[in-house]
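In case you want the letters, here they are:
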Amino acid sequence: MSVLLALVISAALAQATQPQAQSPTQADEDIARIVGFSMTRGGALAFLETLSDTIGGRITGTPEDRAAAELILKTLKDAGIDSAHLEEYDLTSTWRHGPATGEVVTPVKRALIIGSYGWVPGTPGPIEVPVTDFGPIGSDRDPIPARVRGAAVIVDLRSGGSSSAYVGARAIIARRLAQAGASAMFIVSDKPDRMVYTSAFGFYPRAPLPVISIASEDAAFLRRLLAHGDVKVRLDVQNSFPVPGKERNVVADIKGSDPSEMVLLCAHFDSWDPAQGANDNGAGVAAVLEAARIFKLLGIQPRHTIRFVFFSGEEQLSNGSRAYVEQHKYELDKIRAVFNIDSGAHPPLGFAIHGRQDMEAISKTLLKPLAPLGADHVFLDADFDSDQETFIVAGLPIYSLRVDPGDYDTRHHTIIDTFERVDPRMLAIHTAVMAVAGYSFANADQRPGRRLSPAEVQELLKRTGLEQLYQLEYSAEKPH
């Protein structure tokens with residue numbers, strides 16, 4: 001018996017000294033369930049199909065954008081999220097996108113592929129004007145040549161990968177050309193295959209002259225003609241500005257066990273209308289909405305509240321997020337972090353923290369659950385490319401999803417931003433990424449960073465190269 005007892009004791013001691021596998025925590029189980037449902041339920045893709053095919057393009061201030069807000073609200077309510085509601089705000093101006101046609105009338109007759117930018121006026125009926133080539137823009141102090149008066153002016157404005165700087169330059173040169181008496185501004189499209197582009201950043205609430213995207217092939221054609229003599233074009237752009245209007249954001253909460261603080265998951269639902277706005281930003285809306293439905297479906301209650309906010313008006317001047325910050329200014333200090341998705345359904349890489357070096361170390365820790373999804377990297381670069389600009393200016397910890405862009409820039413704001421081009425697997429992964437990020441930060445023991453003071457915001461803008469764009473977009477406004 002003594003030998004047997006010794007063997008039993010020896011075996012027990014050996015087992016006790018071997019490393020034991022850790023049992024999964026409740027957080028581990030919640031995250032596994034969130035990711036599993038995100039990847040297999042197909043809810044984001046189904047919603048995106050409905051949004052894309054039944055509503056399509058959604059210009060801010062139009063019936064289509066209003067229908068999108070109603071669809072988001074109904075979908076959240078149908079999922080049992082009773083807190084979902086609309087929050088209305090004023091638009092300084094509304095805009096209607098009319099047809100735009102152009103053709104060369106001298107020295108040959110040839111149709112041109114053109115498209116109007118957003119929030120720009122139309123021509124005063126059909127006009128025939130000379131064409132002049134301004135070429136690449138230089139310094140904003142360079143003199144505007146006299147030949148632009150009364151002309152349609154070709155301008156090379158390539159983003160060069162820095163769209164924040166690009167939109168600032170675009171707005172400044174449009175203003176200067178209008179002051180010099182130009183009849184219209186042709187921006188050479190950087191899209192392939194004679195595709196044109198539209199946008200309104202820097203032009204809302206009203207551009208100073210018709211701003212027109214011209215296919216790069218057509219611009220090259222005009223330049224070849226100009227090399228041999230005078231060129232005249234006929235333009236007819238039928239845009240209009242009806243009246244000031246109203247828009248709505250959609251807001252819904254998954255209430256935390258301690259609702260004294262919150263994490264925001266955000267996406268904008270407005271888009272342009274040459275196509276369906278499926279990638280920009282229907283995909284982001286679908287991911288955030290499905291994340292909310294999964295929390296409700298699984299009965300997961302985070303420690304702190306997760307708020308899901310769907311903005312309109314991003315494409316003009318981040319109008320929806322600006323309205324949200326103004327309407328919720330007394331609870332901004334309760335916000336732990338804001339996550340914004342406006343990157344298209346492409347492979348996720350991580351999140352940009354927009355120059356907030358103070359948040360880098362803790363962000364890497366809190367984003368670790370996203371490592372299996374490839375989305376745990378932290379980027380320090382800063383931009384005003386989406387609604388994050390509002391939260392940067394408000395001094396809040398803001399995270400923007402970064403992705404491997406693939407063909408995003410090709411599709412962006414063009415006729416090929418359509419549903420069938422969205423990758424279903426990437427959309428499911430984005431749903432998981434946004435949901436897990438919100439869960440991780442809502443359950444964290446500490447915040448990733450504090451809210452910056454107005455003076456600290458100004459220093460951040462200066463350090464990250466965003467000061468000039470801030471001045472252009474916010475005029476006399478100050479961070480609050």
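A. Quick peek at the packing of helix H3 (residues 43-55) against helix H7 (residues 278-298). At their nearest, the axes of H3 and H7 sit 8 Å apart, and the two run at 135° to each other. The angle between H3 and H7 falls in the class oblique. Seen along the crossing, H3 lies across H7 with a hand that is right-handed. Residues Gly 43, Ala 44, Phe 47, Leu 48, Leu 51 and Ser 52 of H3 form the contact with H7, whose own contacting residues are Ala 278, Gly 282, Ala 283, Val 285, Ala 286, Ala 287, Leu 289, Glu 290 and Arg 293. For the contact of H3 with H7, a count of residues per class yields 10 nonpolar, 3 polar and 2 charged.

B. Focus on the sheet that holds strand E3 (residues 110-112). Spatially, E3-E2-E9-E5-E6-E7-E8-E4 is the arrangement adopted by the 8 strands of the open sheet, whose pairing is mixed. Both outer strands of the open sheet, E3 and strand E4 (114-116), are each paired with one neighbouring strand and no more. Within this sheet the neighbouring strands show an average axis-to-axis angle of 35°, counted without direction. Helix H6 (residues 216-226) contacts strand E2 (100-106), E3, strand E5 (127-136), strand E6 (152-156), strand E7 (184-188), strand E8 (211-214) and strand E9 (232-237) of the sheet and is inclined by roughly 95° relative to E5.

C. View of the sheet that holds strand E12 (residues 305-311). Strand order in the open sheet made by the 8 strands is E1-E10-E12-E11-E13-E16-E14-E15, with mixed pairing throughout. Only two strands of the sheet have a single neighbouring strand rather than two, namely strand E1 (85-91) and strand E15 (377-379). The sheet shows a mean angle of 25° between the axes of neighbouring strands, taken without regard to direction. Where strand E11 (residues 262-268) meets strand E13 (residues 335-340), 5 bridges bridge the pair, whose relative direction is parallel. Counted as the bridge partner of Cys 266 is Asn 340 from E13.

D. Highlighting the packing of aromatic side chains. Applying the stated criterion to the full structure yields 15 aromatic pairs. Judged by centre distance (6.0 Å) and plane angle (80°), the ring pair of Tyr 117 and Phe 203 falls under edge-to-face. Here Tyr 117, found in the loop between E4 and E5, pairs with Phe 203, found in the loop between E7 and E8; they are 86 residues apart in sequence, far enough to count as distant. Pair check on accessibility: Tyr 117 and Phe 203 agree, each one buried. Sitting above the plane of the Tyr 474 ring, Arg 322 keeps its charged end 3.8 Å from the centroid.

E. Quick look at the nonpolar core. Ranked by size, the top nonpolar core spans 70 residues in total, and within it Leu 76, Phe 308, Phe 310, Phe 339 and Phe 351 carry the most contacts. With sequence-adjacent residues up to four places away left out, Phe 310 is seen in contact with Ile 72, Leu 76, Asn 249, Val 250, Ala 267, Phe 269, Val 285, Val 288 and Leu 289.

F. Structural context of the packing of H7 against helix H13 (residues 424-443). Remark: H7 packs on H13, axes separated minimally by 8 Å, with the N-to-C direction vectors making an angle of 55°. By the angle class used here, H7 and H13 are oblique. Crossing handedness for the pair H7 and H13: right-handed. Taking contact as the criterion, the partners of Ala 283, Ala 286, Ala 287, Val 288, Glu 290, Ala 291, Ile 294 and Phe 295 in H7 are, on H13, Leu 427, His 430, Thr 431, Met 434, Ala 435 and Tyr 439. Of the residues belonging to the contact of H7 with H13, the class tally is 11 nonpolar, 2 polar and 1 charged.

G. Region of interest: the side chain of Thr 94. Along the polypeptide, Thr 94 turns up in the loop between E1 and E2. Here Thr 94 falls in the buried class, since its relative accessible area comes to 5%. Here the side chain of Thr 94 touches Val 243 through a polar contact of 2.5 Å, landing on its backbone oxygen. Beyond its immediate stretch of four places on either side in the chain, Thr 94 contacts Gly 61, Trp 119, Ser 240, Phe 241, Pro 242, Val 243, Pro 244 and Gly 245.

H. Spatial organisation of unusual backbone geometry. Cis rather than trans, the peptide bond between Thr 106 and Pro 107 has omega equal to 10°. With respect to the helices and strands, the residue Pro 107 is situated in the loop between E2 and E3. Going from Tyr 204 to Pro 205, the amide bond is cis rather than trans, its omega being 10°. For Pro 205, the location among the structural elements is in the loop between E7 and E8. Phi is positive for Asp 193, which is not a glycine, with a value near 55°. Assignment of secondary structure puts Asp 193 in the loop between E7 and E8. According to the relative accessible area criterion, Asp 193 is exposed, its value standing at 65%.

I. Inspection of the pattern of salt bridges at higher detail. A full pass over the atoms with the stated rule returns 24 salt bridges. In this structure, the salt-bridge partner of Arg 194 is Asp 218, at a minimum N-O distance of 2.8 Å. On the criterion of sequence distance, the pair formed by Arg 194 in the loop between E7 and E8 and Asp 218 in helix H6 is long-range, its members being 24 residues apart. Of the residues examined, Asp 218 reaches a relative accessible area of 3% and is grouped as buried.

Conventions and cut-offs
- Residues numbered from 1 in each chain as written.
- Predicted model: local features only at pLDDT ≥ 70, side-chain atom pairs only at ≥ 80, totals over all residues.
- Heavy atoms only, no water.
- Axes fitted to C-alpha atoms, helices over the stretch in contact; angles between N-to-C directions.
- Helix = DSSP H or I, 4+ residues; strand = E, 2+ residues; numbered from the N terminus.
- Parallel < 35°, antiparallel > 145°, perpendicular 65-115°, else oblique.
- Left-handed = near helix turned anticlockwise from the far one by under 90°.
- Contact = heavy atoms within 4.5 Å.
- Nonpolar A, V, L, I, M, F, W, Y, C, P; charged D, E, K, R; others polar.
- Pairing = 2+ DSSP bridges.
- Phe/Tyr/Trp six-rings, centres within 6.5 Å; stacked < 30°, edge-to-face > 60°.
- Buried < 20%, exposed > 50% of the residue type's maximum accessible area, 1.4 Å probe, protein only.
- Lys NZ or Arg CZ within 6 Å of the ring centre and 35° of its normal.
- Core = buried A, V, L, I, M, F, W, Y, C linked by side-chain atoms within 4.5 Å.
- Polar contact = N/O pair within 3.5 Å; in protein donor to acceptor, adjacent residues only side chain to side chain.
- Salt bridge = Lys/Arg side-chain N within 4 Å of Asp/Glu carboxyl O.

Function-wise, these values are silent; they only describe arrangement.
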